[in-house]
Protein chains: 2
Amino acid sequence: MADIVVKRELESEDGELSLKVKKRKVISDNVGEEGEPECQKILSGFKTSSVLSDYTREKRIFIHGTLADQDAVVIMEKTPFREDDLAEFFSNSTLKLDMKNDIYSTYKLRAPPHLNEIKTTVVCPATEKHLNKYKRQESFLVEETKTDYESITLPFIEKQNTFSLQWVYNILQKKAEVERIVYEDPDSDTGFMLLPDFKWDQKQVDDLYLIAIVHPMNIKSLRDLTAEHIPLLKNIWQKGQAAILERYSLPANKLRVYLHYQPSYYHLHIHFTNLGYDTPGCGVDRAHLLSDVIQNLQSDPDYYKKRTLYFPLRVDDKLFSTFKEAGRV
Amino acid sequence: MADIVVKRELESEDGELSLKVKKRKVISDNVGEEGEPECQKILSGFKTSSVLSDYTREKRIFIHGTLADQDAVVIMEKTPFREDDLAEFFSNSTLKLDMKNDIYSTYKLRAPPHLNEIKTTVVCPATEKHLNKYKRQESFLVEETKTDYESITLPFIEKQNTFSLQWVYNILQKKAEVERIVYEDPDSDTGFMLLPDFKWDQKQVDDLYLIAIVHPMNIKSLRDLTAEHIPLLKNIWQKGQAAILERYSLPANKLRVYLHYQPSYYHLHIHFTNLGYDTPGCGVDRAHLLSDVIQNLQSDPDYYKKRTLYFPLRVDDKLFSTFKEAGRV
């Protein structure tokens, strides 16, 4: 199971708190009530060494430093506004004018601290592994021709430990996560399993995210798809949309359905996300709309075998090193 | 010029503060020093009517209400963490434990208000137009076949006021924004102008965003492209990348180069953005990689004339209404 968690954590590209932490939170949510002091200044002794990453759009920061002489990582994220608090919020905030022009004015607002809390996670002691995980890694766009795929990417995939896909096989064989299945079509050629993605907490449909994992065992990625897979892809498109409509009342025209290339694991799977949610990983540089894939295969059975594909790779990705060794980046 | 601003504001899809406000800010940045009171509680009298939109990922909210009996919109956005403030921040914050397990612990942190300010904009009095602009509109995925394009979209485009493209012609004829040109190729068949997008403040390369506007006057969008345009597209790709490398030292493998369909205006233009920046509008549901477009036209000269294309449209988009009237959504 540890392997599953690690593998899936890798799918989180924007440094969100990991599943592991989230899971642990559920297990021991009430520790605070077991005699811990209400308020602490434990970070007053924290000495910053470096900012590992800083997501300014999301107001989230990962900081490496020391706490009582131990390596530690502090993760802070500002919290969304809470509608219920707005009246108290407005009553008790002060504003400093920045500029005023016509009907527009801008201010710096200072809110009461209890209405403007910051979600904070402390990892202490932190290991080298934590530091690498939280460190923002640069990405480069890689060009992969048909020849590059055959001589670089395919040998790379084939060298991977097949055990790393065990968690996928467990799902397909109903040895794990049976209770999470949203829909299943058992056909060995055109069938699939539909499950919530681990990044989705299933609390609201706003950020709906499901994954369809195909039953055929020999399709690694987009590169393996040919016209013979059109029935499989159409089946997933139609039945996946129908299952989501039935379970979550979200119609097909509110869904973004796509594949990743490169994928994070090499057993074909398809992403279903809410169109209204700006899902990490739905960018044009990595995602391929299922509707486009089907049309491309209809007009050219070997479209994805011949095509030069472009995708971003992080510099700490082993595939990136492999391209680099081959002199292709 | 008013028309330019309005048109370009429409390109901002996630409700960011408009160019208009940003521009005005520059003009009158120092009003606060001209005798305005330092701190105010002007929002203590604000009465919330409704939340127009709430961007929880970005911690930004648009609220409609009344201020001294006038309609007003309050826009608040939490600010990114500031590295320079971290030491003072840690010294003076208190933490309340949520959970502790092994090396992980999570807290709610309360920071000194002056280190945790909220950027606030007040629009007062606000008009119906403001409310509509700031209201989050639902989007639906629209399917556009070749026939839909010919019978719905093309007549819609042709009915548009040609004056709405005047700002593009002004740029191409060097009647406006001459000082903003980053690169220009004057060839009437394969040439283009490269300029910073208005959404980019040009302060850092991290969120670099430029637009290449083509010189040929008769290409409305992706739908008009055929094999004859391959030299134009290749020229933009190569010279655009070279110009960005020279001016901003950002190499081609750090760039995401794409077209929008539907575009926000119907004169062909191509987006160059920093691959490392999660640009709004780079999602697979609206963006088409230039490298894919070129390859698709190489293998099928009429690829984009025949293809069924999918794209999201906001319900308040006139094109959406046109599709609806035609019974296609």
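You'll find the structure just up there.
Residues numbered from 1 in each chain as written. Chains lettered and ligands numbered in written order. Predicted model: local features only at pLDDT ≥ 70, side-chain atom pairs only at ≥ 80, totals over all residues. Heavy atoms only, no water.

Visitor: It is not clear to me how empty space enclosed by the protein should be interpreted in this structure. Could you clarify?
Guide: Vacant regions in the atomic arrangement are exposed by a probe of water-molecule size rolled over the atoms. The final tally for this structure, using the stated rule, is five cavities of 30 Å³ or more. Size it by volume and the largest cavity reaches roughly 320 Å³. Every residue lining the largest cavity is counted, 22 residues in all, and those nearest its centre are Asp292(A), Asn296(A), His288(B), Asp292(B) and Asn296(B). When residues of the lining of the largest cavity are traced back to their parent elements, those giving at least two are strand E13 (287-289), helix H8 (290-299) and helix H9 (303-306) of chain A together with strand E13 (287-289), helix H8 (290-299), helix H9 (303-306) and strand E14 (309-314) of chain B. Here the residues of the lining of the largest cavity sort into 14 nonpolar, four polar and four charged. (1 Å grid on protein atoms, 1.4 Å probe; cavity = no way out; pocket = protein on both sides within 12 Å on 5 of 7 lines; lining within 4 Å. Points joined across faces, edges and corners; volume = space filled by probe spheres on them. Helix = DSSP H or I, 4+ residues; strand = E, 2+ residues; numbered from the N terminus. Nonpolar A, V, L, I, M, F, W, Y, C, P; charged D, E, K, R; others polar.)

Visitor: Help me understand helix H7 (residues 230-248) of chain B in this model?
Guide: In an α-helix, one full turn covers 3.6 residues, which means residues spaced three or four apart are oriented alike. Residues and elements named next belong to chain B. With 19 residues, H7 ought to run about 27 Å at 1.5 Å a step, and its terminal C-alpha atoms sit 26 Å apart, in line with that. Contacts from the buried residues of H7 go to strand E8 (183-185), strand E9 (192-196), strand E10 (209-214), strand E11 (255-260), strand E12 (269-274) and H8. Once H7 ends, the next one or two residues include serine 249, with phi positive near 55°. (Expected span 1.5 Å × (residues − 1). Contact = heavy atoms within 4.5 Å.)

Visitor: I keep staring at the relation of the copies chain A and chain B and nothing clicks. Help me out?
Guide: The relation between the two copies of this chain is a rotation about an axis and a shift parallel to it. It takes a turn of 180° to lay chain A on chain B, together with a shift of 0.0 Å along the axis; the resulting RMSD is 0.1 Å. On the angle and the small slide along the axis, the relation comes out as a two-fold axis. Both copies present the same face, since 100% of the interface residues in chain A are matched by interface residues at the equivalent positions in chain B. (Least-squares fit on C-alpha atoms with pLDDT ≥ 70 in both.)

Visitor: Please explain the sheet that holds strand E11 (residues 255-260) of chain A as it appears in this structure.
Guide: One key point about sheets: their strands pair by backbone hydrogen bonds, in either a parallel or an antiparallel sense. Residues and elements named next belong to chain A. Spatial strand order, E8-E9-E10-E12-E11-E13: six strands in an open sheet with antiparallel pairing. Of all strands in the sheet, those bounded by a partner on one side alone are strand E8 (183-185) and E13. Strand-to-strand twist across the sheet, computed as the mean angle between neighbouring axes with direction ignored, equals 30°. Both E11 and strand E12 (residues 269-274) contribute to a ladder of four bridges, which runs antiparallel. When the sheet's bridge partners are listed, arginine 256 is paired in E12 with threonine 273. Along the sheet face, H8 touches E11, E12 and E13 and points at about 65° away from the line of E13. (Pairing = 2+ DSSP bridges. Axes fitted to C-alpha atoms, helices over the stretch in contact; angles between N-to-C directions.)

Visitor: I keep staring at the interface of chain A and chain B and nothing clicks. Help me out?
Guide: You'll often see interface size given as the accessible area lost when the parts meet. Taken together, the contact pairs 105 residues of chain A with 105 residues of chain B. Counting each side, the surface lost to burial between chain A and chain B is near 10,100 Å², with a carbon and sulfur contribution of 57%. The interface formed by chain A and chain B includes 12 salt bridges. The interface formed by chain A and chain B holds 49 residue pairs in polar contact (both at pLDDT 80 or more) in total. The element contributing the most residues to the side of chain A that touches chain B is strand E4 (residues 94-101) of chain A, with eight residues. Relative to strand E6 (residues 118-123) of chain B, strand E5 (residues 104-110) of chain A runs antiparallel, the two being bridged by six bridges. Looking at the pairing, Lys108(A) lines up with Lys119(B) of E6(B). (Buried area = accessible area lost by both parts, 1.4 Å probe. Salt bridge = Lys/Arg side-chain N within 4 Å of Asp/Glu carboxyl O. Polar contact = N/O pair within 3.5 Å; in protein donor to acceptor, adjacent residues only side chain to side chain.)

Visitor: Explain the packing of aromatic side chains here, please?
Guide: Both the distance between ring centres and the angle between the ring planes are used here to describe each pair of aromatic rings. Summed over the entire model, instances satisfying the criterion amount to 26 aromatic pairs over all chains. Plain terms: the ring middles of Phe89(A) and Phe90(A) are 5.9 Å apart, the flat faces sit at 85° to each other, and that makes the pair edge-to-face. The class of Phe90(A) is buried, set by a relative accessible area of 1%. Taken together, Phe46(A), Phe81(B), Phe89(B) and Phe90(B) form an aromatic cluster joined through their ring pairs. Against the face of Phe198(A) rests Arg180(A), its NZ or CZ located 4.4 Å from the ring centre. The aromatic ring of Phe140(A) is capped on one face by Lys254(B), whose charged end is 4.6 Å from the ring centroid. (Phe/Tyr/Trp six-rings, centres within 6.5 Å; stacked < 30°, edge-to-face > 60°. Buried < 20%, exposed > 50% of the residue type's maximum accessible area, 1.4 Å probe, protein only. Lys NZ or Arg CZ within 6 Å of the ring centre and 35° of its normal.)

Visitor: So what exactly am I meant to see when it comes to the packing of helix H5 (residues 146-159) of chain B against helix H10 (residues 318-325) of chain B here?
Guide: Each packed pair of helices is defined by two parameters, the angle between the axes and the distance between the axes. Residue and element names in this part refer to chain B. Their axes nearest at 10 Å, the elements H5 and H10 cross at an angle of 140°. Judged on the interaxial angle alone, H10 and H5 are oblique. Note on packing geometry: the crossing formed by H5 with H10 is right-handed. Listed contacts from H10 to Asp148, Ile152, Thr153 and Phe156 of H5 are Lys318, Leu319, Thr322 and Phe323. Among the residues forming the contact of H5 with H10, the class breakdown is four nonpolar, two polar and two charged. (Parallel < 35°, antiparallel > 145°, perpendicular 65-115°, else oblique. Left-handed = near helix turned anticlockwise from the far one by under 90°.)

Visitor: Honestly, the pattern of salt bridges in this entry has me stumped. Any pointers?
Guide: Counted by the stated rule, this structure contains 42 salt bridges over all chains. Ionic pairing is found between Arg223(A) and Glu144(A), a salt bridge with its closest N-O pair at 2.8 Å. Note that Arg223(A) is positioned in the loop between strand E10 (209-214) and helix H7 (230-248) and Glu144(A) in strand E7 (residues 139-144), a separation of 79 residues in sequence. Take Arg223(A): its relative accessible area is 2%, and that puts it in the buried class. Via salt bridges that share partners, Arg57(A), Glu58(A), Asp278(A), Arg57(B), Glu58(B) and Asp278(B) belong to a single interconnected network.

Visitor: In this structure, what is going on with the sheet that holds E5(A)? I would like to understand it.
Guide: With antiparallel pairing, the six strands of this open sheet are ordered in space as E4(A)-E5(A)-E6(B)-E3(B)-E2(B)-E1(B). Two strands close off the open sheet at either side, each with one partner strand: E4 of chain A together with strand E1 (47-55) of chain B. Sheet twist, expressed as the mean angle between neighbouring strand axes with direction ignored, is 20°. As paired elements, E4(A) and E5(A) share seven bridges and run antiparallel to each other. Across the sheet, Leu97(A) pairs through a bridge with Tyr107(A), a residue of E5(A).

Visitor: Just to check I follow, could you spell out the pairing of strand E14 (residues 309-314) of chain A for this structure?
Guide: Looking along a regular strand, one sees the side chains alternate between the two faces of the sheet. All names here are of chain A. Counting buried positions along E14 yields five of six residues, so the element is predominantly enclosed. Looking at chain direction, E7 and E14 are connected through six bridges and run antiparallel. Its bridge partner lying in E14, leucine 141 is registered against proline 312.

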